[in-house]
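# Geometric and topological summary
One-letter residues, chain by chain:
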Amino acid sequence: MARSGSLVLSLLAFAALVVVPFNCFVGAPRVPMEIDARAAAAVAMGLAPLALEQPASAYDSVVAMLQSWLVGGTVLTVIFAAAIIAAAANPLTKRRQEVQNMMK
């Protein structure tokens, strides 16, 4: 008796796996895309420097790679520090806090 129930259950599960994925997504209607010549030219001009670069512009050594990561990390740290200082020194925020303290 238990076997027939599990067989029916497994058939229902299989049917759900087959039927559900096809019915749950409705894609956008297919519209032929018009290619804008100006957009294509702009993309080509934007990607032109990549065509001039050597395909494998690898670092000369591991040390050069680590140095570039350190420089990049330092630059990002300086940028984030400047953003935090600017946020802390924001006069609007200070005025808003003063008004909030006066209202209490």
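Just so you know, the residues in each chain are numbered from 1, in the order the chain's sequence is written. The predicted origin of the model limits local features to residues at a pLDDT of at least 70 and limits the giving and counting of side-chain atom pairs to 80 or more, whereas totals for whole chains, interfaces and linings rest on all residues. Just so you know, side-chain values use all the structure's heavy atoms and leave hydrogens and water out.

Now for the overall build of the protein. Numbered from the N terminus, helices here are DSSP runs of H or I no shorter than four residues, and strands are runs of E no shorter than two. Looking only at helices and strands, one finds four helices and zero strands in the protein. The order of helices and strands in the protein, counted from the N terminus, is α-α-α-α. When a residue's accessible area, from a 1.4 Å probe over protein chains only, is under 20% of the maximum for its type it is buried; when over 50% it is exposed; and in between it is partly exposed. Out of the 104 residues belonging to the protein, those deemed buried represent 0%. Roughly 10,100 Å² of accessible area belongs to the protein as shown, and the carbon and sulfur atoms make up 72% of that amount. Note on areas: Shrake-Rupley, 1.4 Å probe, and residue coverage restricted to the protein chains presented here.

This part is about the pattern of salt bridges. Put simply, a salt bridge is a Lys or Arg side-chain nitrogen that is within 4 Å of an Asp or Glu carboxyl oxygen. Here the structure, examined in full by the defined rule, presents two salt bridges. With a closest N to O distance of 4.0 Å, R38 and D36 form a salt bridge. The partner of R95 in a salt bridge is E98, and the shortest N-O contact between them spans 3.5 Å. Of this pair, R95 and E98 both sit in helix α4 (residues 91-103), three residues apart, which is roughly one turn of the helix. Given the relative accessible area of 43%, E98 is considered partly exposed.

pLDDT gives the predictor's per-residue confidence on a scale running from 0 to 100. Residues at a pLDDT of 70 or more form 81% of the protein, whose mean pLDDT is 80. At the low end of the mean pLDDT range in the protein sits helix α1 (residues 2-23), at 71; at the high end sits helix α3 (residues 62-88), at 91.

To count toward a patch, a residue needs a relative accessible area above 30% and no salt bridge. Like charges then connect within 9 Å, nonpolar side chains (Val, Leu, Ile, Met, Phe, Trp, Tyr) within 5 Å. A contiguous nonpolar patch, built from Y59, V62, M65, L66 and W69 and spanning about 570 Å² of accessible area, is present on the exposed surface. Here V62 lies in helix α3. By relative accessible area, which is 56% here, V62 ends up exposed.

By this rule the span expected of a helix is its residue count minus one, scaled by 1.5 Å. Compared with the 22 Å implied by 1.5 Å per residue over 16 residues, the 23 Å span of helix α2 (residues 37-52) between its first and last C-alpha is a close match. A residue's bend is the angle separating two fitted axes: one through the seven residues that end there, the other through the seven that start there. Maximal helix bending in α2 amounts to about 35°, located at G46; proline P49 follows within four positions. In terms of burial, α2 is largely open, as just zero of its 16 residues are buried.

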